[in-house]
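Below are the chains, spelled out letter by letter.
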Amino acid sequence: MAGNQRSICVAKGAGSMDHNNRKFIAENVDEYRTRLNKTYIRENELDAYEKCFGDAVREYDAKQTRKNRRIGSSKNYWNNVRTSGNGEKTFYEIIVQVGNMYDSECLTEGGRVAQKILDEYMQSFRERNPNIYVFNAVMHLDEKTPHLHIDYIPIATGYKNGMYKRNSLDRAFKQMGIEVKGKVGKYNNRTIAWENREKDYIEELLHEHGLERAPDQENDREHLSVEEYKAAVEAIKDEVEELPAQIEATAIPFTQNVMVKKEDLEKIEKRAKLSMVHEETSKKIREETEKELDEIKEQNLESKEIKNRARSYLKSATSKADETEYIAEKKAEEIIEAAEKKYAEAEAQKELYIEKYNEQPELNQKYEELQRIHEEDTESINILTDKLIESRKEVASLKSEIVELKNSIESKIIAATASLEKQIQELKGQLKAAYTYITDIVKASGMLAYDNGVYKVSFTAVQKKLVDAISSFASKKARENGFSELADDMDKHVNISKEIDSYIWPDQKRNRGMSL
């Protein structure tokens, strides 16, 4: 390849969010360089479905008179797509790469140019593809070569029946003007035509950076070598085996009210997807293995022919003269030894491929088991989701009742408190009035013992003690009930109040000189 040429790769990806967003680190990742990765957008898939199809679901449901015809939510629509069985996917992924590990390795000048081209490509992606909604996009700079993982949802509009807007890959491409020339098939369809259009755009970016596009290589999965397929199988196998451990690592309390984490649901779905890819890849390996086994058989026949010719040569050589017999014999032995060595290598390779071939039934059995577990988990999750929705409705209803009851109780407490407060104030007033009357009585009775005028009576010592005891008792009780001023008045003064005075002299004014 010329120094100014760069290859362009736009290929389908597996759509592993954990891999793309580095929730786990694979062996080929330089964890130190993970911080250099560039995230363009990271959005939850269900949130993306609400943005893309939420209005279409609500508009469709509003027209339905029967409840069983309503979709209910964008999440339900996502689940309908996921379980449709017609080959639809809830989302798709493409991997975009410029150059390879030899001319565009990360941290080299070629890698920096590739990174800049990929960044320019991503910045204009939405403008070129209006019917594609990207909800997750990241550039990996922690592997050998810079590359993009773009996860997207195709959006097609204009449907007359059902939802007016839907997830449809082929129709979305058609509405973006992607057309197919010739007969449509597995290797000639709108998806491939769209990928080729994207490659042509990347070629323009290459030209802007003084580079040329290298001729396309057979990088489609249908044309990978056996060695590349082996690597793919091992990678998929590692991810499939790793998923149960990731799911079991988070303890989930299964009580009567079970809660399933959203990320665990995504991992279960991912496990099923990877298993499907594993089955397809394994099938391809099996086909390639059978092909190579046929080639090995031909090589074995060829080796046997060489061996037979060598023996024939040895036989004929023995009839020659003594001076040539030794040389001929050695040559024949070398030929036989080389042939036997080649035959032994072919046999060993044959055994290896037979062993790999025999592993396929076991892998298929594991895939069927994973598929069964996935179906059971999906059913359980659907049941638990329905229970969760009902529980949330009940909680909302109880919260509403609690708020109403709280408001009612608070109103009653306020009303009752106001009434009691009023009664307390009235009682306090009455009590104070009573102690005022008692004070007037005590002070007036004291006049009998201590008046310097007409009210003084000659008491015996015991009688005078009674007058003092009455005053002390009344004063003490007034203090205990919070009327210290009245108590002090009882202790320090004796006189006749105006009100008592009015009862003594009801028809004439009181002689002011008669009171203390």
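Residues numbered from 1 in each chain as written. Predicted model: local features only at pLDDT ≥ 70, side-chain atom pairs only at ≥ 80, totals over all residues. Heavy atoms only, no water.

S.K.: Please give an account of the overall build of the protein that cites residues and values.
M.R.: Helix and strand content of the protein: 13 helices and nine strands. In the protein, the proportion of contacts linking residues at least 24 apart, taken out of those at least 6 apart, comes to 70%. Per element, the accessible surface of the protein, about 32900 Å² overall, is 52% carbon and sulfur. (Helix = DSSP H or I, 4+ residues; strand = E, 2+ residues; numbered from the N terminus. Contact = heavy atoms within 4.5 Å. Areas by Shrake-Rupley, 256 points an atom, 1.4 Å probe, with all protein chains shown as cover.)

S.K.: I'd like a rundown of the pattern of salt bridges, residues and numbers included.
M.R.: Pairing of side chains with opposite charge becomes possible as their charged atoms draw close. All told, the structure shown has 20 salt bridges when counted by the stated rule. A salt bridge links Asp55 to Lys165; the nearest nitrogen and oxygen atoms lie 3.6 Å apart. Residue Asp55 is found in helix 2 (residues 45-62), and its partner Lys165 is found in strand 8 (residues 165-166); the two are separated by 110 residues along the sequence. Judged by its relative accessible area of 34%, Asp55 is partly exposed. Given the relative accessible area of 13%, Lys165 is considered buried. The shortest N-O distance in the salt bridge between Lys63 and Glu59 comes to 3.8 Å. For Glu59, a relative accessible area of 38% gives the class partly exposed. Several salt bridges share partner residues, and in doing so they unite Arg22, Asp142 and Glu143 into one network. (Salt bridge = Lys/Arg side-chain N within 4 Å of Asp/Glu carboxyl O. Buried < 20%, exposed > 50% of the residue type's maximum accessible area, 1.4 Å probe, protein only.)

S.K.: If you had to explain helix 12 (residues 484-492) to someone new, which residues and values would you point to?
M.R.: Along an α-helix, residues three or four positions apart point the same way, because every turn accommodates 3.6 residues. Where helix 12 is concerned, the buried positions are Leu486, Ala487 and Met490. Relative to the axis of helix 12, the buried residues are bounded by an arc of 100° and lie together on one face. Exposed residues lying more than 90 degrees from the buried face of helix 12 are Glu485 and Lys492. (Arc of directions from axis to C-beta.)

S.K.: Please provide a residue-by-residue account of the pairing of strand 5 (residues 132-140), values included.
M.R.: Strand 5 sits mainly inside the fold: nine of its nine residues count as buried. By the bridge criterion, eight bridges tie strand 5 to strand 6 (residues 147-154) in an arrangement that is antiparallel. By the bridge assignment, Val138 is partnered in strand 6 with His149. (Pairing = 2+ DSSP bridges.)

S.K.: Before we move on, could you go through the nonpolar core and cite the residues and values that matter?
M.R.: Counting residues in hydrophobic clusters, the biggest one holds 29 residues, and the most contacted among them are Ile94, Val96, Tyr121, Phe125, Ile150, Tyr152 and Trp194. Mapped by element, the contributors of at least two residues to this core are strand 2 (8-12), strand 4 (92-98), helix 4 (109-123), strand 5, strand 6, helix 6 (169-175) and helix 7 (190-208). Of the residues forming this core, the biggest block, five residues, is contributed by helix 4. Beyond its immediate sequence surroundings of up to four residues, Phe125 is in contact with Ile94, Ile132, Val134, Ile150, Trp194 and Glu198. (Core = buried A, V, L, I, M, F, W, Y, C linked by side-chain atoms within 4.5 Å.)

S.K.: An account of the packing of aromatic side chains is needed here, citing residue identities and associated values.
M.R.: By the definition in use, this model includes 11 aromatic pairs. Aromatic side chains Phe91 and Phe135 sit 5.3 Å apart centroid to centroid with 90° between the ring planes, which places their arrangement in the edge-to-face category. Taken together, the positions of Phe91 in the loop between helix 3 (74-82) and strand 4 and Phe135 in strand 5 put the pair 44 residues apart, joining distant regions of the chain. The two residues Phe91 and Phe135 agree in class, both being buried. Ring-pair connections join several aromatic residues into one group, and the members of that group are Tyr92, Tyr121, Phe125, Tyr152, Phe173, Trp194 and Tyr201. The lysine or arginine in question, Arg35, covers the ring of Tyr32, its NZ or CZ lying 4.6 Å from the ring centre. It is Arg128 that lies over the ring of Tyr201; its NZ or CZ is 4.1 Å from the centre. (Phe/Tyr/Trp six-rings, centres within 6.5 Å; stacked < 30°, edge-to-face > 60°. Lys NZ or Arg CZ within 6 Å of the ring centre and 35° of its normal.)

S.K.: Break down the environment of Glu93 for me, citing the residues and quoting the values.
M.R.: Relative to the helices and strands, Glu93 is located in strand 4. Through-space distance from the C-alpha of Glu93 to that of His149 is 6.8 Å; in sequence the pair is 56 residues apart. A polar contact is formed between the side chain of Glu93 and the side chain of Asn20, at a distance of 2.6 Å. Side-chain polar atoms of Glu93 contact the side chain of His149, separated by 3.3 Å. (Polar contact = N/O pair within 3.5 Å; in protein donor to acceptor, adjacent residues only side chain to side chain.)

S.K.: Lay out the environment of Asn4 with the relevant residues and their values.
M.R.: By the secondary structure assignment, Asn4 is in the segment before strand 1 (5-6). Along the primary structure Asn4 and Arg213 are separated by 209 residues, whereas in three dimensions their C-alpha atoms are 8.5 Å apart. When neighbours within four sequence positions are excluded, Asn4 is seen to be in contact with Gly210, Leu211 and Glu212.

S.K.: Tell me about helix 3, and name the residues and values.
M.R.: Along helix 3, the residues classified as buried are Ser74, Tyr77, Trp78 and Val81. Buried residues along helix 3 cover an arc of 105° about the axis, so they all sit on one side.

S.K.: So, the pairing of strand 6: which residues are in play, and what are the values?
M.R.: The two faces of the sheet receive side chains in turn, since in a regular strand these alternate between them. Among the eight residues of strand 6, eight are classified as buried, and the element is accordingly described as predominantly covered. Judged by which residues are buried, strand 6 turns out to be covered on both faces: His147, His149, Asp151 and Ile153 on one side and Leu148, Ile150, Tyr152 and Pro154 on the other are all buried. Linking strand 5 to strand 6, which pair antiparallel, is a turn of six residues.

S.K.: Account for the sheet that holds strand 5, with residues named and values stated.
M.R.: Pairing is antiparallel in the open sheet, where five strands are placed in the order 2-4-6-5-3. Because the sheet does not close on itself, it has two edges, and the strands there are strand 2 and strand 3 (38-42). Direction aside, the axes of adjacent strands within the sheet are offset by 20° on average. Contacts from helix 2 reach strand 5 and strand 6 within the one sheet, and its direction differs from that of strand 5 by about 145°. Along the sheet, helix 4 contacts strand 3, strand 4, strand 5 and strand 6; its crossing angle with strand 4, the most-contacted strand, is approximately 145°. (Axes fitted to C-alpha atoms, helices over the stretch in contact; angles between N-to-C directions.)

S.K.: Please set out a nonpolar patch on the surface residue by residue, giving values where relevant.
M.R.: Together, Leu405, Ile409 and Ile413 make up a nonpolar patch on the protein surface, roughly 280 Å² of accessible area in all. Residue classification places Ile409 among the partly exposed positions, given a relative accessible area of 42%. (Patch = residues over 30% accessible without salt bridge, like charges linked within 9 Å, V, L, I, M, F, W, Y side chains within 5 Å.)

S.K.: Could you give an account of unusual backbone geometry, with specific residues and numbers?
M.R.: For Arg22, which is not glycine, the phi dihedral falls at a positive 60°. Relative to the assigned elements, Arg22 resides in the loop between helix 1 (17-20) and strand 3. Located in the positive-phi region is Leu107, a residue other than glycine, with phi close to 75°.

S.K.: Which residues make up the confidence of the model for the protein, and what values go with them?
M.R.: Summing up the model confidence of the protein, the mean pLDDT is 80 and the portion of residues at 70 or higher is 72%. Here residues 512-516 is a poorly scored stretch, pLDDT under 50, and it has 11 contacts once near neighbours within four places are set aside; other chains count. (pLDDT = per-residue confidence, 0-100.)

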